[in-house]
Amino acid sequence: MQKFKSTNDIQIPDRIIDQVIGQENAANIIKKAAKQHRNILLIGEPGTGKTMLAQAMAQLLPATDLEDVLVYRNVNDENKPIVKTVKTYPKPPEAGKPAGDGQGRQIIQKEKLRSKIDSGSGRNNITPIVIILVIIILIVSFSGIFGGNQLILLAALILGVLIFGSMALFVTGFRRAGVIPGMFDTSEPKLIVDNTGRDSAPFVDGTGSRAGALFGDVKHDPLQSGGLGTPPHLRVESGAVHRANHGVLYVDEVASLEPRSQQELLTALQEKKYSITGQSELSSGAIVRTEPVPCDFILVAAGNVQDLQKMHPALRSRIRGYGYEVYMDSSMPDTQSNVDKLLRFIAQEVRKDGRIPPFDYDAAMEIVEESRRRSGRKNRLSLILRDLGGLVRAAGDVAKERGHSLVTRDDVKAAMAFAKPIEAQFVDQSLEYKKDYKVFATRGFAIGKVNGLAVIGTSHLSTGVIIPIVAEVTPASSRAEGKLIATGKLGKIAQEAVKNISAVIKRHMNRDVASYDVHVQFLQTYEGVEGDSASISVAVSVISAMEGIPIDQEVAMTGSLSVRGDVLPVGGVTNKVKAAIESGMKIVIIPKANEKDVYIDKTELKKIRIVPVRNIAEVLEVALKKSPRRDAIIKELKQYITKDSQEKPPLVIAPKEGREDGQEEKVIRSQRRRTTQRRRSKG
């Protein structure tokens, strides 16, 4: 895309499906599903465009089969109202002309008009009678036939007739307005699904709906006697499954639905019709059940990976058997074509918001840079676009407050400074606290104490944090074996990662850990620790405490450690390096595989030295204070790591044919002895 003056110069597609950014695979499947009437399950991180894809699917569906649904009174069984469907528009509306009222509304209007005529005739019958009675009584009173107290009785009679007439007119007016519909024998239908004015298929968002809102309900009526109750058919309310007929029903966080609701959703999906009844057993609507109401919809369910375990197996099987499952991309390659798509996304967000000024080219490219940082991977762009859209709006608010006609790069940077997520604000405050009380040091040396790095928050909005780790080695309290005791609100994965450290010490340092109790403490980790990215930090602290070698406190580190001593890649490296810079560290150790994942401004990178490492020996070489014992440990570790990295000779077994019984086992034992001899000679 050529350099532009403002995002107003960027052309935005009209169709929603063409506005989807970076989800080409999902968009193609949505097109197929709309054409073939297939269900969809979208799984991925929040903010990747699942709702937008569902809306795009509704736009792709034809609007020619739309139906209005009316509920009529059943004179034979009031608790089973009659359901009738009519085409919203029997004939397609002419192009360029308003569609007008649908057929369902027209039927209701005709019924109301008929009711007005009936009620009007009743009113006209009452009014003349009242007037005639009043005139007769007045004539009699002035004729002189009655006198004295009799005149008082006549006046009371006139007043009574007027009151009676007023009440009759008042009640008739209530009947016409429908305020007390149950007081009269009415056969007016109720329109429960109205598609008037639609030019596309319905899109109904059923996310978070309770059973009544999702499957329809019958209102409770406390007046069940004396003719004051509302007829059952007038208390029927349609649900999302019915309003989505011939359209799309979108249910995000589908696993949050109760198992019973998921089962009922499956029934509606299979039968394509679903009767409406009262959802509460204590309600009078529970005895009412309509005839089946059409609900021929396409289900687009969405959620996260964790939601799959909570989904009803039959519901997921139905979607998978009669549709598609799609895993949303959270990032896309950093190519010029995809950068152009991100710039178009900014233009779309500006137009969608309608209250912020457009972005100039430099400001838009700063948003692209932030997308690179948030991706957490080399040569990738983040597709968590909802949060990126929040940054676009925050920058627009800053520009508007400053009176700018265009959003500039400075506006974007100012928005990034104050529109931080809660996790980042929490880390900023806790960092100041830890500095003031010297929870961790950034200078000097200390035995058994290391500055680990971690992240808190979601993967795309994570924030780096310093985690001081302290280790102490004591003689084993049990003769049977030593223990590795870790404290500090560790998650399951973090606990298992700490246990793996003992394998490294036993194998590569020839230390019998059964003779020691190793205590590892994660200091002030109130937010909890999960994951294995602190493995090398724990290993360094334990080795330092065991050997009495100080650790350089200017060094911070992150990395996962395998049982063979290799340093494996971890996530959130950019934010961890940022945390090390903000904490005043001089050196940061990261896995070699994450070397290109660090995306920080060059001015910030000058404040720290980044050391990529491949194994635990290289970590100790940087972190431990120089000493003869340190050099011996590193040499010994390198020797074992090099030996492990060498490819072992394959175990070749001769064909079994032609051998005597037991000869095959002898060959295997012989080859194992030769392999052991070769290892000893090298050692």
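See the structure shown above.
Residues numbered from 1 in each chain as written. Predicted model: local features only at pLDDT ≥ 70, side-chain atom pairs only at ≥ 80, totals over all residues. Heavy atoms only, no water.

Draft legend 1. Region of the structure containing the sheet that holds strand β8 (residues 248-251). On the basis of which strands lie adjacent, the open sheet formed by 5 strands has the order β5-β8-β11-β1-β12 and parallel pairing. Strands with a single pairing partner mark the edges of an open sheet, and in this sheet they are β5 (203-205) and β12 (323-327). Sheet twist, expressed as the mean angle between neighbouring strand axes with direction ignored, is 15°. Lying on the sheet, helix α8 (residues 313-321) is in contact with β1 (39-43), β11 (298-303) and β12; it crosses β12 at an angle near 100°. (Pairing = 2+ DSSP bridges. Helix = DSSP H or I, 4+ residues; strand = E, 2+ residues; numbered from the N terminus. Axes fitted to C-alpha atoms, helices over the stretch in contact; angles between N-to-C directions. Contact = heavy atoms within 4.5 Å.)

Draft legend 2. Examining the nonpolar core more closely. One finds Val540, Met557, Ile616, Val619 and Leu620 to be the most contacted residues of the largest nonpolar core, which totals 44 residues. Counting residues per element, this core draws most heavily on helix α15 (residues 535-547), which supplies 8 residues. Not counting residues up to four positions away in its chain, the partners in contact with Val619 are Ile536, Val540, Met557, Val567, Ile589 and Val613. Within the second largest apolar cluster, 32 residues are counted, among which are Met332, Phe359, Ala364 and Ala415. (Core = buried A, V, L, I, M, F, W, Y, C linked by side-chain atoms within 4.5 Å. Buried < 20%, exposed > 50% of the residue type's maximum accessible area, 1.4 Å probe, protein only.)

Draft legend 3. Summary view of the packing of α15 against helix α18 (residues 616-623). At a minimum axis separation of 11 Å, α15 and α18 run at an interaxial angle of 60°. In the packing of α15 onto α18, the handedness of the crossing is right-handed. Residues Ile536, Ala539, Val540 and Ile543 of α15 pack against Ile616, Val619, Leu620 and Ala623 of α18. The residue makeup of the contact of α15 with α18, split by class, is 8 nonpolar, no polar and no charged. (Left-handed = near helix turned anticlockwise from the far one by under 90°. Nonpolar A, V, L, I, M, F, W, Y, C, P; charged D, E, K, R; others polar.)

Draft legend 4. Molecular detail of unusual backbone geometry. We note that His37 has phi near 60°; this positive angle belongs to a residue other than glycine. Using a relative accessible area of 33% as the deciding quantity, one classes His37 as partly exposed. A positive phi angle, near 50°, is found at Glu253, a position not held by glycine. Counting through the fold element by element, Glu253 comes out in the loop between β8 and α7 (259-271). Judged by its relative accessible area of 31%, Glu253 falls in the partly exposed class.

Draft legend 5. Broad picture of the packing of aromatic side chains. In the structure shown here, the tally under the stated rule is 3 aromatic pairs. Between the aromatic rings of Phe215 and Tyr274, the centroid separation amounts to 5.5 Å while the plane-to-plane angle is 40°, which identifies the pairing as tilted. Here Tyr274 lies in strand β9 (residues 273-274) and Phe215 lies in helix α5 (residues 211-215), a separation of 59 residues in the sequence. The same class applies to Phe215 and to Tyr274, which are both buried. (Phe/Tyr/Trp six-rings, centres within 6.5 Å; stacked < 30°, edge-to-face > 60°.)

This is a description of form; function is not addressed.
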